[in-house]
Amino acid sequence: MSSPAARPVALVTGSSRGIGLAVAAALAKEGFAVALNGPADDAELSAAVARITYLGGAAAAAPFDVTDIGGHEAVLDAIEAKLGPLTTLVNNAGVGVLQRGDMMDVSEESWDRCFAVNAKAMFFLSQAFARRLLARSRPQLFHSIVNVTSSNAVAVAEQRSEYCASKAAAAMVSKALAVRLGREEIAVYDVQPGLIATEMTAPVIDAYRERAEQGLTLFPRVGQPDDIGTLVASLVSGRLPYTTGLAIPADAGMLVPRF
Ligand SMILES: NC(=O)c1ccc[n+]([C@@H]2O[C@H](COP(=O)([O-])OP(=O)(O)OC[C@H]3O[C@@H](n4cnc5c(N)ncnc54)[C@H](OP(=O)(O)O)[C@@H]3O)[C@@H](O)[C@H]2O)c1
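Residues numbered from 1 in each chain as written. Predicted model: local features only at pLDDT ≥ 70, side-chain atom pairs only at ≥ 80, totals over all residues. Heavy atoms only, no water.

1. A few points about the site of the ligand
Part 1 of the argument: Around the ligand, a shell composed of 28 residues is seen, among which Ser16, Asn92, Tyr163, Ile196 and Thr198 lie nearest.
Part 2 of the argument: One of the side-chain nitrogen or oxygen atoms of Arg17 is found 2.9 Å away from an oxygen atom of the ligand.
Part 3 of the argument: Interatomic distance of 2.9 Å between a side-chain N/O atom of Asp65 and a nitrogen atom of the ligand.
Part 4 of the argument: Isolated, the ligand exposes 890 Å² of accessible area, and the fraction of that covered by the protein chains is 91%.
Part 5 of the argument: Counting residues per element, the ones that place at least two in the shell around the ligand are α1 (18-29) and α5 (161-182).
Part 6 of the argument: Among the residues making up the shell around the ligand, the classes are represented as 12 nonpolar, 12 polar and four charged. (Near = heavy atom within 4 Å. Polar contact = N/O pair within 3.5 Å; in protein donor to acceptor, adjacent residues only side chain to side chain. Areas by Shrake-Rupley, 256 points an atom, 1.4 Å probe, with all protein chains shown as cover. Helix = DSSP H or I, 4+ residues; strand = E, 2+ residues; numbered from the N terminus. Nonpolar A, V, L, I, M, F, W, Y, C, P; charged D, E, K, R; others polar.)

And the structure:
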């Protein structure tokens, strides 16, 4: 008896816009069915799903707040009921600081928010995702987790210290996951974007652009969400075989040491 044709299925968190939406589109182009996510079942998420289906991809809305840890199992069940067994998780949902400024003035609220979304949620969503992969046989398909952290996992932005700390935590979660899941041949990658033009960076993108043109990045330009989408699609399609645990700077060489 032949088994049903298997297709890769991905959940991309925070994909109602920005980098997450570009990742979802790139995955759809690779033949993935994609569950798109934002915290609310709103017009932005519906438009994102419509965009993927317009491109010919299989897509479904998966509205949930990633910080609702207790809801993760039910959400993954619902996605699998719609799209089939998940092969891929892209932890992309993230938030910036409530207010840029001196570390001496950082509020507990902003610290907790950064850690809840950027570190704790991706830890537990990865756990829930990995548990179900470990509990089933996983024929042929490449299985992976990609965590979208940041250049700030390694480089300090003085005005956003709590964000940097949360992304450093997320980078360590990626390494720990790679170690735990390696024996199961589930690959884990940490993608660290630099200066990407999205809603998150809109208030500062002109300043970033100027600094990029002046040499902050080796390519003298800021990045676009599609740059990260293409990179993540390559990773989750297994085009970097025999690799796991990599932290990949996606920053046009911004953090290459120079003097
Ligand atoms: N842009 C950059 O230069 C840059 C650089 C380094 C790293 N990053 C990282 O890349 C990721 C994507 O950033 P972006 O620039 O594309 O940001 P963005 O345009 O602000 O998009 C963030 C996405 O995450 C969603 N989200 C936020 N909190 C959520 C929650 N609790 N549950 C579910 N979804 C949630 C947002 O939905 P709502 O707005 O509806 O909440 C939105 O869809 C983030 O992790 C960010 O830290 C970005």
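2. Details of empty space enclosed by the protein
Part 1 of the argument: For the structure shown, the criterion picks out three cavities of 30 Å³ or more.
Part 2 of the argument: In this structure, the largest cavity occupies an estimated 60 Å³ of space.
Part 3 of the argument: Lining of the largest cavity is provided by Asn91, Asn92, Ala93, Val117, Asn118, Met122, Asn147, Val148, Thr149, Lys167 and Ala170.
Part 4 of the argument: Elements that contribute at least two residues to the lining of the largest cavity include exactly α4 (108-134), β5 (144-148) and α5.
Part 5 of the argument: Counting residues per element, the lining of the largest cavity draws most heavily on α4, at three residues. (1 Å grid on protein atoms, 1.4 Å probe; cavity = no way out; pocket = protein on both sides within 12 Å on 5 of 7 lines; lining within 4 Å. Points joined across faces, edges and corners; volume = space filled by probe spheres on them.)

3. Things to note about the pairing of β5
Part 1 of the argument: Most of β5 sits out of view: five of its five residues are buried.
Part 2 of the argument: With burial as the criterion, each face of β5 is covered, one bearing Ser144, Val146 and Val148 and the other bearing Ile145 and Asn147.
Part 3 of the argument: Of the pairings in the sheet, the one linking strand β4 (residues 88-91) to β5 comprises four bridges and is parallel in character. In the strand pairing of β5, Val90 is matched with Val146.
Part 4 of the argument: A crossover links β4 with its parallel partner β5, the connecting element being α4, and its sense is right-handed.
Part 5 of the argument: Where β5 meets strand β6 (residues 187-193), five bridges bridge the pair, whose relative direction is parallel. Following the sheet pairing, Val148 is matched in β6 by Val191.
Part 6 of the argument: The parallel pair β5 and β6 is bridged by α5, and the resulting crossover is right-handed. (Buried < 20%, exposed > 50% of the residue type's maximum accessible area, 1.4 Å probe, protein only. Pairing = 2+ DSSP bridges. Right-handed = clockwise from strand over helix to strand, strands pointing away.)

4. A few points about the state of the cysteines
Part 1 of the argument: Counted under the stated rule, the structure contains zero disulfides.
Part 2 of the argument: Looking at the unpaired Cys114, the closest cysteine sulfur is the one in Cys164, lying at 9.1 Å.
Part 3 of the argument: Accessibility expressed as a relative area gives 0% for Cys114, which makes it buried. (Disulfide = S-S within 2.5 Å.)

5. Regarding the pairing of strand β2 (residues 33-36)
Part 1 of the argument: What you see with β2 is no split at all: Ala33 and Ala35 on one side and Val34 and Leu36 on the other are buried throughout.
Part 2 of the argument: Of the pairings in the sheet, the one linking strand β1 (residues 9-12) to β2 comprises four bridges and is parallel in character. Its bridge partner being in β2, Leu11 is matched across the sheet by Ala35.
Part 3 of the argument: Between the parallel pair β1 and β2, the chain is carried across by α1, and the sense of this crossover is right-handed.
Part 4 of the argument: Of the pairings in the sheet, the one linking β2 to strand β3 (residues 59-61) comprises three bridges and is parallel in character. Bridging from a neighbouring strand, Ala35 pairs with Ala60 of β3.

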